[in-house]
Amino acid sequence: MNAEIFAALAQLEKERGIPQSYMIDKITQALVAAYKKDKDGYTDNVFVEVEDNDMKMYVQKEVVDDVISPATEISLDAARKINKHAQLGDLVNVDVKTQAFGRIAAQTAKQVIIQGIREAERGMIFDTFSSKEHEILTGTVLRIEPNSGDMTVRIGGGNDKTDAMLSKSEQARGESYREGDIIRVYVVEVRRSSRGPQVIVSRTHPGLVKRLFELEVPEIESGLVEVKSIAREAGSRTKLAVCATQPNIDPVGACVGTRGGRVGAVVDELHGEKMDIVVWSEDPEQFIASALSPAEVVSVKVLPGSAKACRVIVPDDQLSLAIGKEGQNARLAARLTGFKIDIKPASQAAEIEAAELAEAEAKARVPEEALTAEEE
């Protein structure tokens, strides 16, 4: 029986990756629990020893003259059949024949072992996919809920596979899938739950765009080009701010690729989502001007005393382009830069400057008037 057990454990480790040591611990716990359930009065004096692929179970009993509690005591004559040198007061390990277990005890042991296998597999799945958080994985659409539109996606391969949840809110607008389709997803989070690890994936997360560019642009993967920030409205448009970590490298050109091949591969994966790639700058005014691409910018002024707000002047014929359809271009630029952006046409620039000058002069007069009143 021992040979069969250890052969089965070796096979389990080979096929499912569950360590033999882990399952041996579970089996020993199961055997002890089963024996205690089958025999009244047995407590912590039951234990299992494993050595050289041999598993034996013992009950430790005290040698006494008059046995009152058979679960913990043994007579001197019986003890000397086990150890001929046994004396009163000694502790003797009595071999337990597990074949004598009752049906209930055997069922208990079986359930503990099965539970141990499930826990081990869940733990391994959690560890495997926790290490893949914020990465892109390829999966297969298993099921689409007809009411909610939520999708179950099988990700991973071999022994390391599990079902992930792609909720409707994490699906990009305009994308449509059927059961059996192959899909790339971004692993947002791996959670522990009573039913095992729960993997949350997304098609709308900005991290998906970043990882796709890392796959297509060697300069990003090697660190020569760095992605500084991303603003995305999934299924419609994304703005990407990049910079070079070394001189003589064009970060935008590296991302676009020859004849747009690199950015084109990303756009294809995102089903036609538009990409604006701009150069990041430490100078906020220069960065904001770039972020409003493709619109031309006349000037950018960071407003003093404000919580990251600025005013941008653009040519009159560029105003609608700078703002974008339904304000999308300005909205994405604001997210990309972290600034509140107020866009004005050049025709109003002189009027705005005059109003600001008048306001500044009015504020300057207030302290002077207050000082004159005090002197009087």
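Check the entry above for the structure.
Computed from a predicted structure; not experimentally measured. (Residues numbered from 1 in each chain as written. Predicted model: local features only at pLDDT ≥ 70, side-chain atom pairs only at ≥ 80, totals over all residues. Heavy atoms only, no water.)

The next point concerns the overall build of the protein chain. A count of helical and extended segments in the protein chain gives 12 helices and 15 strands. In terms of overall dimensions, the protein chain is more spread out than a globule: its C-alpha atoms have a radius of gyration of 36 Å, far above the 21 Å expected for 376 residues. When its C-alpha atoms are laid out on the principal axes, the protein chain stretches across 115 × 70 × 50 Å. Across the 376 residues of the protein chain, 38% fall into the buried class. Across the protein chain, every contact between residues at least 6 apart in sequence was considered, and the portion connecting residues at least 24 apart equals 57%. If you sum the accessible surface of the protein chain, you get close to 21700 Å²; carbon and sulfur atoms cover 48% of it. The positive charge centre, built from 47 side chains, and the negative charge centre, built from 61, are 8 Å apart in the protein chain. (Helix = DSSP H or I, 4+ residues; strand = E, 2+ residues; numbered from the N terminus. Rg over C-alpha atoms; globule rule 2.2 N^0.38 Å. Buried < 20%, exposed > 50% of the residue type's maximum accessible area, 1.4 Å probe, protein only. Contact = heavy atoms within 4.5 Å. Areas by Shrake-Rupley, 256 points an atom, 1.4 Å probe, with all protein chains shown as cover. Lys, Arg positive; Asp, Glu negative; His and termini not counted. Charge placed at Lys NZ, Arg CZ, Asp CG, Glu CD.)

Here we take up the sheet that holds strand β8 (residues 182-191). Here we have five strands rolled up into a closed barrel, ordered β5-β6-β7-β9-β8, and mixed in their pairing. Strand-to-strand twist across the sheet, computed as the mean angle between neighbouring axes with direction ignored, equals 50°. Bridge analysis of strand β7 (residues 160-166) against strand β9 (residues 198-202) gives two bridges, and the strand direction is parallel. Bridging from a neighbouring strand, M165 pairs with I200 of β9. The strands touched by helix α5 (residues 206-216) are β5 (136-144), β8 and β9; relative to β8, the strand with the most contacts, the crossing angle is about 125°. (Pairing = 2+ DSSP bridges. Axes fitted to C-alpha atoms, helices over the stretch in contact; angles between N-to-C directions.)

This paragraph deals with the pattern of salt bridges. If the charged atoms of two oppositely charged side chains come close together, the side chains can form a pair. Here the structure, examined in full by the defined rule, presents 17 salt bridges. Note that R191 is salt-bridged to E189, the shortest N-O span being 3.1 Å. You can call R191 partly exposed: its relative accessible area is 38%. Residue class for E189 comes out partly exposed when judged on its relative accessible area of 32%. A salt bridge links D276 to R237; its shortest N-O distance comes to 2.7 Å. In this pair, D276 sits in strand β12 (residues 274-279) while R237 sits in strand β11 (residues 237-244), placing the two residues 39 residues apart along the sequence. As far as burial versus exposure is concerned, D276 and R237 are alike and both buried. (Salt bridge = Lys/Arg side-chain N within 4 Å of Asp/Glu carboxyl O.)

A separate point is the packing of helix α9 (residues 284-291) against helix α11 (residues 328-337). Relative to each other, α9 and α11 sit at 145°, their axes nearing to 9 Å. Considering how the two elements wind past one another, α9 and α11 form a crossing that is right-handed. Of the residues in α11, those in contact with F287, I288 and A291 of α9 are A333, L336 and T337. For the contact of α9 with α11, a count of residues per class yields five nonpolar, one polar and no charged. (Left-handed = near helix turned anticlockwise from the far one by under 90°. Nonpolar A, V, L, I, M, F, W, Y, C, P; charged D, E, K, R; others polar.)

What follows covers helix α8 (residues 261-269). All buried positions along α8 are accounted for by V263, V266 and V267. End-on view of α8: buried residues confined to an arc of 100°, all on one side of the axis. Turning to α8, the residues buried within the fold contact α5, α7 (251-256) and β12. Immediately beyond the C-terminal end of α8, within one or two residues, lies H271, with a positive phi of roughly 55°. (Arc of directions from axis to C-beta.)

Turning next to the nonpolar core. Core analysis: the biggest nonpolar cluster contains 21 residues, and F213, V242, M275 and I277 have the highest contact counts within it. It is α5 that provides the largest number of residues to this core, a total of four residues. Beyond its immediate sequence surroundings of up to four residues, I277 is in contact with F213, L240, V242, V252, C255, V256 and V263. (Core = buried A, V, L, I, M, F, W, Y, C linked by side-chain atoms within 4.5 Å.)

What follows is about the environment of I144. Relative to the elements of secondary structure, I144 occurs in strand β5. Assessed through its relative accessible area of 26%, I144 is described here as partly exposed. In sequence terms I144 and S167 are 23 residues apart; their C-alpha atoms lie 9.7 Å from each other. Discounting residues that sit within four places of it in the chain, I144 has contacts with G149, D150, M151, Y177, R178 and E179.

Right, let's talk about the side chain of R203 for a bit. Assignment of secondary structure puts R203 in the loop between β9 and α5. A polar side-chain atom of R203 sits 2.7 Å from a polar atom in the side chain of E175. There is a polar contact of 3.4 Å between the side chain of R203 and the side chain of Y177. (Polar contact = N/O pair within 3.5 Å; in protein donor to acceptor, adjacent residues only side chain to side chain.)

Moving on, we get to the sheet that holds β11. Taken together, the three strands give an open sheet; going across it, the order is β10-β11-β12, and neighbouring strands pair in mixed fashion. On the outer flanks of this sheet lie β10 (225-233) and β12, each paired with one strand and no other. The mean angle between the axes of side-by-side strands here comes to 20°, regardless of whether they run parallel or antiparallel. Relative to β11, β10 is paired through eight bridges, and the arrangement is antiparallel. Bridging from a neighbouring strand, S229 pairs with A241 of β11. Of the strands in this sheet, β10, β11 and β12 are in contact with α9, which crosses β12 at around 155°.

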